[in-house]
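Read off the chains here:
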Amino acid sequence: MNATVILPNNKKRQLEIMYDIIALQKIGVCNDRVKRLQSELDYLMTEREKVRRFFLATQIIEEVTEGVELDKLNKSTLKKLRDKKIKVHEIARYYKVGKSVVETRLKKLDLRKSLEASK
């Protein structure tokens, strides 16, 4: 994911869409064109939020784990990640492993059920 490209272009397009919607509404046009623009805006906002969440999760994992490998993470560290609302798939993505690898580690430490809701 290249955020330096995604976020500025995304934000620029969001602003363009908002200006277009406002202009169309000022002239009294509230039809399919506005609905399409609104749909595109919703999609762009969702994509932008995903990118922001990706970077936030990465930063939190780095801070909490202090560079420790997945198979050496202890129970308290994984609980801290859970408390900070880090999800299993985010841990997997950070360590570049499948979700099942993270789930196996959680199960080994008897944390599977406590992190289940964060899939």
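Structure first, text after, so check above.
A brief look at the structure comes next. Since this is a predicted model, take the numbers as computed values, not measurements. (Residues numbered from 1 in each chain as written. Predicted model: local features only at pLDDT ≥ 70, side-chain atom pairs only at ≥ 80, totals over all residues. Heavy atoms only, no water.)

## A look at the pattern of salt bridges
Here is step 1: Inspection of the entire model under this criterion finds 6 salt bridges.
Here is step 2: Taking the shortest distance from any N to any O, the salt bridge between Arg52 and Glu49 comes out at 3.7 Å. Residue Arg52 and its partner Glu49 are both found in helix α2 (residues 32–65); the two are separated by 3 residues, about one turn of the helix.
Here is step 3: Under the relative-accessibility criterion, Arg52 is labelled partly exposed at 46%.
Here is step 4: Note on Glu49: relative accessible area 45%, which makes it partly exposed.
Here is step 5: Look at the salt bridges and you will find they share partners, linking Arg13, Glu16 and Glu40 into a network. (Salt bridge = Lys/Arg side-chain N within 4 Å of Asp/Glu carboxyl O. Helix = DSSP H or I, 4+ residues; strand = E, 2+ residues; numbered from the N terminus. Buried < 20%, exposed > 50% of the residue type's maximum accessible area, 1.4 Å probe, protein only.)

## Quick word on the environment of Val101
Here is step 1: Within the secondary structure, Val101 is located in helix α5 (residues 99–108).
Here is step 2: Given a relative accessible area of 41%, Val101 falls into the partly exposed group.

## Details of unusual backbone geometry
Keep in mind that most residues, glycine aside, have a negative phi and that most peptide bonds are trans.
Here is step 1: For Glu66, which is not glycine, the phi dihedral falls at a positive 55°.
Here is step 2: With respect to the helices and strands, the residue Glu66 is situated in the loop between α2 and α3 (75–83).
Here is step 3: The exposed category is assigned to Glu66, whose relative accessible area is 68%.
Here is step 4: Backbone geometry places Lys85, a non-glycine residue, at a positive phi of 65°.
Here is step 5: Inspection of the secondary structure puts Lys85 in the loop between α3 and α4 (88–95).

## Description of the side chain of Glu90
Here is step 1: Residue position: Glu90 is located in helix α4.
Here is step 2: Given a relative accessible area of 4%, Glu90 falls into the buried group.
Here is step 3: At a separation of 2.6 Å, a polar atom in the side chain of Glu90 contacts the side chain of Arg53.
Here is step 4: Excluding anything up to four places from it in sequence, Glu90 contacts Arg53, Ala57, Ile61 and Lys85. (Polar contact = N/O pair within 3.5 Å; in protein donor to acceptor, adjacent residues only side chain to side chain. Contact = heavy atoms within 4.5 Å.)

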